[in-house]
Amino acid sequence: MSLLRWKDEYLTGVEEIDEQHRRLFDLVNGIYDMMRHGRGQEAITEALSELFEYTRFHFSVEEKFMADTKYAGVSGHSEEHERLLNQIRDLRCEARDGRIVMSMNEMYFLKDWLLTHFQGPDKGLAVHLLNRAIPVIESVGL
Ligand SMILES: [Fe+2]
Ligand SMILES: [Fe+2]
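Attention in this report is confined to the structure presented alongside it. Treat the numbers as computed from the prediction; the structure is a model and nothing was measured. Per chain, residue numbering runs from 1 following the sequence as it is written. Labels follow written order: the first chain is A, the first ligand is 1, and so on. Whole-chain, interface and lining totals are the exception, using all residues; otherwise, since this is a predicted model, local features are given only for residues with pLDDT of at least 70 and side-chain atom pairs are given and counted only at 80 or more.

### Examining the overall build of the protein
For the record, the criterion: Strands are runs of DSSP state E lasting at least 2 residues, helices are runs of H or I lasting at least 4, and numbering of each runs from the N terminus. Exposure classification rests on a simple neighbour count of other C-beta atoms within 10 Å of a residue's own: a residue reaching 20 or more is buried, one at 12 or fewer is exposed, and one in between is partly exposed. C-beta atoms are placed from the backbone. Any pair of residues counts as being in contact when their C-beta atoms, constructed from backbone geometry, are within 7 Å of one another.
Regarding its fold elements, the protein presents five helices and zero strands. Secondary structure elements of the protein occur, N-terminal to C-terminal, as α-α-α-α-α. Seen along its three principal axes, the alpha-carbon backbone of the protein occupies a region of about 55 × 25 × 20 Å. Within the span of the protein, comprising 142 residues, buried residues form 17% of the whole. A separation of at least 24 residues holds for 74% of the contacts in the protein among residues at least 6 apart in sequence.

In structure tokens, the structure reads:
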């Protein structure tokens, strides 16, 4: 069974963010399956590097949205991103050093963190972006 199961209640309504969240689900599930099936630490470390890079990319997209729209909650939201990136980096180090059991436990923590973040700060950001969409479109004369 997958670690994370996608539900429509996780949707924020901003297509780009939702597509990236689904991809993050897939990456986390893939890593969890690799751990469960006893894949080698090299493969797991590589998959965690991919997760780290993709997460960093996703956060940079959200942070650009926040900067472009002068979002008031930018600092708290970005700090959460930084904390998660550090956590994935630690996880990768543990996998690289062969501490896979510890990594497995941290995957549950990562899962909870992602779900809480998607449904809290990311939904808050999405509401802000969607509310801004009309004035932005009007201002360019569409
Ligand atoms: Fe976020
Ligand atoms: Fe996000």
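On we go from here.
### Things to note about unusual backbone geometry
Phi is positive for K70, close to 50°, though the residue is something other than glycine. With respect to the helices and strands, the residue K70 is situated in the loop between α2 (41-68) and α3 (74-96). With 9 C-beta atoms packed within 10 Å, K70 lands in the exposed category.

### Description of the nonpolar core
Our working definition: The term nonpolar core means buried Ala, Val, Leu, Ile, Met, Phe, Trp, Tyr and Cys residues held together as one set by C-beta atoms within 7 Å.
One finds V28, I31, I44 and L48 to be the most contacted residues of the largest nonpolar core, which totals 13 residues. Elements with a minimum of two residues in this core: α1 (15-36), α2, α3 and α4 (100-119). Sorting elements by how many residues they give to this core places α1 first, with four residues.

### So, the packing of α1 against α2
Our working rule: Angular values range over 0 to 180 degrees, each being the angle between N-to-C directions of two axes fitted as lines to C-alpha atoms, with helices fitted over their stretch in contact. Under this scheme an angle from 65 to 115 degrees is roughly perpendicular, one under 35 degrees roughly parallel, and one over 145 degrees roughly antiparallel; angles in between are oblique. Handedness of a crossing follows from how the near helix is turned relative to the far one, being left-handed for an anticlockwise turn of less than a right angle and right-handed for a clockwise one. Lys, Arg, Asp and Glu make up the charged group, whereas Ala, Val, Leu, Ile, Met, Phe, Trp, Tyr, Cys and Pro make up the nonpolar group; the residues left over, Gly among them, are polar.
It is the contact of α1 with α2, at a shortest axis distance of 10 Å, that shows an interaxial angle of 165°. In terms of orientation, α1 and α2 fall into the roughly antiparallel class. The two elements α1 and α2 meet at a crossing, and its hand is left-handed. Each of E16, I17, Q20, R23, L24, L27, V28, G30, I31, M34 and M35 in α1 lies in contact with α2, whose residues at this interface are A43, I44, A47, L48, E50, L51, Y54, T55, H58, V61 and E62. Of the residues contributing to the contact of α1 with α2, the split by class is 14 nonpolar, four polar and four charged.

### Observations concerning the environment of S75
By secondary structure assignment, the location of S75 is in helix α3. Using a count of 9 C-beta atoms within 10 Å as the deciding quantity, one classes S75 as exposed. A C-alpha to C-alpha distance of 9.5 Å links S75 and E63, two positions 12 residues apart in sequence.

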